Amino acid sequence: MFKTFIFFLAIMINTIFRCLFLYVFALLRWVPIEIFKKYFFVKIVKTGENWVATNNLVIDTLTKTRFEIIQEKELNFSKTKSYLIISNHRSWVDILVLQRIFNKQVPFLRFFIKQELKWIPFLGLAFKILDFPFMKRYTK
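Criteria and thresholds
Residues numbered from 1 in each chain as written. Predicted model: local features only at pLDDT ≥ 70, side-chain atom pairs only at ≥ 80, totals over all residues. Heavy atoms only, no water. 1 Å grid on protein atoms, 1.4 Å probe; cavity = no way out; pocket = protein on both sides within 12 Å on 5 of 7 lines; lining within 4 Å. Points joined across faces, edges and corners; volume = space filled by probe spheres on them. Nonpolar A, V, L, I, M, F, W, Y, C, P; charged D, E, K, R; others polar. Axes fitted to C-alpha atoms, helices over the stretch in contact; angles between N-to-C directions. Helix = DSSP H or I, 4+ residues; strand = E, 2+ residues; numbered from the N terminus. Parallel < 35°, antiparallel > 145°, perpendicular 65-115°, else oblique. Contact = heavy atoms within 4.5 Å. Patch = residues over 30% accessible without salt bridge, like charges linked within 9 Å, V, L, I, M, F, W, Y side chains within 5 Å. Areas by Shrake-Rupley, 256 points an atom, 1.4 Å probe, with all protein chains shown as cover. Salt bridge = Lys/Arg side-chain N within 4 Å of Asp/Glu carboxyl O.

Chemist: Explain empty space enclosed by the protein to me, and be specific about the residues and the numbers.
Modeler: A probe matching the size of a water molecule, rolled over the atoms, marks out where space remains unfilled. Under the definition given, this model contains one cavity of 30 Å³ or more. Computed from the structure, the largest cavity encloses a volume of approximately 50 Å³. In terms of lining residues, the largest cavity is bounded by Glu 49, Val 52, Gln 99, Phe 102, Asn 103, Lys 104, Val 106, Phe 108 and Leu 109. Its residues assigned to classes, the lining of the largest cavity comprises five nonpolar, two polar and two charged.

Chemist: Tell me about the packing of helix α2 (residues 34-62) against helix α3 (residues 93-102), residues and numbers included.
Modeler: For the pair α2 and α3, the least separation of the axes is 10 Å and the interaxial angle reads 105°. Classified by the angle their axes make, α2 and α3 are roughly perpendicular. On α3, the residues that touch Val 52, Asn 56, Ile 59 and Asp 60 of α2 are Leu 96, Gln 99 and Arg 100. Looking at side-chain class alone, the contact of α2 with α3 contains three nonpolar, two polar and two charged residues.

Chemist: Tell me about a nonpolar patch on the surface, residues and numbers included.
Modeler: A contiguous nonpolar patch, built from Phe 2, Phe 5, Leu 9, Met 12, Ile 13, Ile 16, Leu 20 and Phe 122 and spanning about 780 Å² of accessible area, is present on the exposed surface. With respect to the helices and strands, Ile 13 occurs in helix α1 (residues 2-28).

Geometry only, nothing functional implied.
Encoded structure:
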């Protein structure tokens, strides 16, 4: 129970810490100078990658979760190309696994986010700053 509390506390502190950086960089990106916009866009992406890397470190340190990735051949990704990565999304863990595998290997992963998630404190605005596409669900 104590370990679970420490785990969630560490994830929460990392999230708040990274979100504060995202907010500052997003504000600075509004400066109407093109080089500022590009510089702070890079800072925003790096903050997202570091957020994921720290979450991965917390998972490695505080859980017994181990990932074994089996692939038929070596995949050579490039951070300058775009990729469409598809998951069956059987649970929320899919996102953690994809981030584990692809963080800093491909351009920063962005996921389609349900419109309602924009109201989650800290995360909703962070998703917007990180250019996650929001989607609305409509009834038939």
